[in-house]
Amino acid sequence: MKVLAIGAHPDDIEIFMYGLLCLLKKNNIEIFMIIATDGSLGGKKYNNLIQLRKDESIEALKRIGIPKFLNLPDSRLGDEYSHKDKLRHEIDEISPDLIITHYHEDYHSDHRNLSKLVKDISSHNFPVLYCDTMMGINFLPNFYFDISEFFEEKKEAILNHQSQKPDRFIKLIELMNGYRSAQCNAKFGSFAEAYFFNSSFPFANINNILPQTIKIRKFDIDGNYGFL
Ligand SMILES: [Zn+2]
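Residues numbered from 1 in each chain as written. Predicted model: local features only at pLDDT ≥ 70, side-chain atom pairs only at ≥ 80, totals over all residues.

Another aspect to go through is the overall build of the protein chain. Counting its regular elements, the protein chain contains six helices and seven strands. Helices (α) and strands (β) of the protein chain occur, in sequence order from the N terminus, as β-α-β-α-β-α-β-α-β-β-α-α-β. In terms of overall dimensions, the protein chain is globule-like: its C-alpha atoms have a radius of gyration of 17 Å, near the 17 Å expected for 228 residues. C-alpha extents for the protein chain along the principal axes are approximately 60 × 45 × 30 Å. Nonlocal contacts in the protein chain, meaning residues at least 24 apart in sequence, comprise 77% of its contacts between residues at least 6 apart. (Helix = DSSP H or I, 4+ residues; strand = E, 2+ residues; numbered from the N terminus. Rg over C-alpha atoms; globule rule 2.2 N^0.38 Å. Contact = placed C-beta atoms within 7 Å.)

So, in structure tokens, the structure goes:
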């Protein structure tokens, strides 16, 4: 089984998909990763930012694999037809059993455009699972994965992106992954990543590829009707 994660910018896989990729890898799924843009607009004080961000990504993702960089222009993803061709070539070459990428209503135009391009390219050939949006806005998940055992590793991965002031993203994932876990009434201090899958022929069901989703914890705990 092969899973391909495609992030728009050099730190997106770490922020939005890292925990699930760790779970998949633990289940002996082969992981491929693509970073679509060069990240050249993410920080103005560096004159070698593109290479710096590549180095940060390679270090951050080293426990999972080596990402491929498509070097498309930051904040102009999808402006030219060649971008779609480049993406199509990579996806076809890997021929994954599942693609994970951004949702088409996320906050950043590169995230939105990448999502639409990937969906178009995938068509009826590859199923697509969408990762959470920034702060979960416009996103109604139908898959939750407990990533607690990998949460420290996820934080370390994000902290490798020193050019991006990563402390703010640590706060972000503590909120987002904590909240997604709380939606399942999981214990306080546990963390989950949330995803959305929209079935389309012939991909009515992708459960055979995915790890076990978060365990249900009943609402009535020791007679306390407690939350968390
Ligand atoms: Zn991004």
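The next subject is helix 4 (residues 109–122). An α-helix turns once per 3.6 residues; consequently, residues spaced three or four apart project the same way. Taking 1.5 Å per residue as the helical rise, helix 4 with its 14 residues ought to reach 20 Å, and the 20 Å between its terminal C-alpha atoms agrees with that figure. Three or more residues of helix 4 are buried, namely Asp-110, His-111, Asn-113, Leu-114, Ser-115, Leu-117, Val-118 and Ser-122. At its buried positions, helix 4 is contacted by strand 1 (2–7), strand 2 (30–37), helix 3 (81–94), strand 4 (98–101) and strand 5 (128–131). Taken from the residues just after helix 4, Ser-123 is the one with a positive phi, measuring 45°. (Expected span 1.5 Å × (residues − 1). Buried ≥ 20, exposed ≤ 12 C-beta atoms within 10 Å, placed from the backbone.)

Either a parallel or an antiparallel arrangement is found when strands of a sheet pair, and the pairing is made through backbone hydrogen bonds. Taken in spatial order, the seven strands of this open sheet run 3-2-1-4-5-7-6, and their pairing is mixed. One side of each edge strand has no neighbouring strand; the edge strands of this open sheet are strand 3 (68–72) and strand 6 (143–146). Mean inter-strand twist for the sheet, computed between neighbouring axes without regard to direction, equals 25°. Judged from the four bridges that link them, strand 6 and strand 7 (residues 192–197) form a sheet pairing that is antiparallel. (Pairing = 2+ DSSP bridges. Axes fitted to C-alpha atoms, helices over the stretch in contact; angles between N-to-C directions.)

Take the nonpolar core next. Formed by 52 residues in total, the largest nonpolar core has its most connected members in Ala-5, Met-17, Leu-21 and Ile-100. The contacts of Ile-100, once residues within four sequence positions are left out, are Val-3, Ala-5, Met-17, Leu-20, Leu-129 and Cys-131. (Core = buried A, V, L, I, M, F, W, Y, C linked by C-beta atoms within 7 Å.)

Looking at the element boundaries, Glu-156 is found in helix 5 (residues 151–159). Distance in space between the C-alpha atoms of Glu-156 and Ile-170 is 9.2 Å, their sequence separation being 14 residues.

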